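If you want the building blocks of each chain, they are given just below.
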Amino acid sequence: PLFLMRNLAIEVGMPKLQSFVRGCISRHYSTQLHRADGTLTQALETANDIALVREGFKQAEDVIAWLEPNLSFLPAYPKYLYNEAKKLEARLMEWEALQAKMEDLSNGKTPADVGPDLYKALIAACKSADADLADVKRTKAQEELYDFCQELIHESPPGKLDAAARPALESLDR
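Residues numbered from 1 in each chain as written. Predicted model: local features only at pLDDT ≥ 70, side-chain atom pairs only at ≥ 80, totals over all residues. Heavy atoms only, no water.

Q: Residues and numbers for the packing of helix α4 (residues 116-131) against helix α5 (residues 140-155), please.
A: It is the contact of α4 with α5, at a shortest axis distance of 10 Å, that shows an interaxial angle of 140 degrees. By the angle between their axes, α4 is oblique relative to α5. Taken as a pair, α4 and α5 cross one another with a handedness that is left-handed. Contact residues: Tyr119, Leu122, Ile123, Cys126, Ala129 and Asp130 in α4; Tyr146, Cys149, Gln150, Leu152 and Ile153 in α5. Looking at the contact of α4 with α5, its residues break down into nine nonpolar, one polar and one charged. (Axes fitted to C-alpha atoms, helices over the stretch in contact; angles between N-to-C directions. Helix = DSSP H or I, 4+ residues; strand = E, 2+ residues; numbered from the N terminus. Parallel < 35°, antiparallel > 145°, perpendicular 65-115°, else oblique. Left-handed = near helix turned anticlockwise from the far one by under 90°. Contact = heavy atoms within 4.5 Å. Nonpolar A, V, L, I, M, F, W, Y, C, P; charged D, E, K, R; others polar.)

Q: Any chance you could break down the side chain of Gln142 for me, citing the residues and the numbers?
A: Summarising the element assignment, Gln142 is placed in helix α5. Here Thr139 takes part through its backbone nitrogen, which lies 2.9 Å from a polar atom of the side chain of Gln142. Not counting chain neighbours up to four residues away, the residues in contact with Gln142 comprise Trp95, Gln99 and Lys137. (Polar contact = N/O pair within 3.5 Å; in protein donor to acceptor, adjacent residues only side chain to side chain.)

Q: Explain helix α3 (residues 80-106) to me, and be specific about the residues and the numbers.
A: Look at α3: 39 Å from first C-alpha to last across 27 residues, which is about the 39 Å you get at 1.5 Å a residue. Listed as buried for α3 are Leu81, Tyr82, Ala85, Leu88, Glu89, Leu92, Trp95, Leu98, Gln99, Met102, Leu105 and Ser106. On its buried face, α3 sits against α1 (2-46), α2 (50-67), α4 and α5. Just past α3, the residue Gly108 takes up positive phi, approximately 70 degrees. (Expected span 1.5 Å × (residues − 1). Buried < 20%, exposed > 50% of the residue type's maximum accessible area, 1.4 Å probe, protein only.)

Q: Let's hear about the pattern of salt bridges: which residues, and what values?
A: Side-chain pairs of opposite charge can arise where the charged atoms are in close proximity. All chains considered together, the criterion is met by nine salt bridges. Here Asp62 makes a salt bridge to Lys58, at a shortest N to O gap of 3.5 Å. Of this pair, Asp62 and Lys58 are both found in helix α2, four residues apart, which corresponds to roughly one turn of the helix. Among the residues examined, Asp62 registers a relative accessible area of 43% and is labelled partly exposed. Here Glu84 makes a salt bridge to Lys87, at a shortest N to O gap of 3.5 Å. (Salt bridge = Lys/Arg side-chain N within 4 Å of Asp/Glu carboxyl O.)

Q: Any chance you could break down the side chain of Thr39 for me, citing the residues and the numbers?
A: Mapped onto the secondary structure, Thr39 falls in helix α1. Only 3.0 Å separates the side chain of Thr39 from the backbone oxygen of Arg35, close enough to count as a polar contact. Apart from residues no more than four positions distant in its own chain, Thr39 is found in contact with Leu52, Glu55, Gly56 and Gln59.

Below, the structure written as structure tokens:
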């Protein structure tokens, strides 16, 4: 009789316990998922903060790592925000590389210091920023660096010579 009573109690109590545990797991998963999605959404809206993008990746990867091996009854992490953020991170990394190159080229320079080789390198860097990375939203520091490089180009001796020679070259092209 005790064995039968135990089995009946388990039969009644176990589904309640299982539903409670599944509910707790689902609420925890949902909270973690919304936090990761919120961070990735904020990073995509900001569009120029690589640290925020990487924080979103960390949170999303924590959710994925916690979820995949253990819980087959929950849906997989939706990757659309994650994939968009990956594309954004790649573009931001390209801009950071260009920013480092522009800083190396312009660091401590005045327009009088700009020779023909530096002039060509500055033009190439600015063209890359304008053409290849035009879709990337720049930070204030990146905008200031770009403007400084443009100033070096236009105020340098090769830049002034180029500006003075442009009308003559255009008249020859006619």
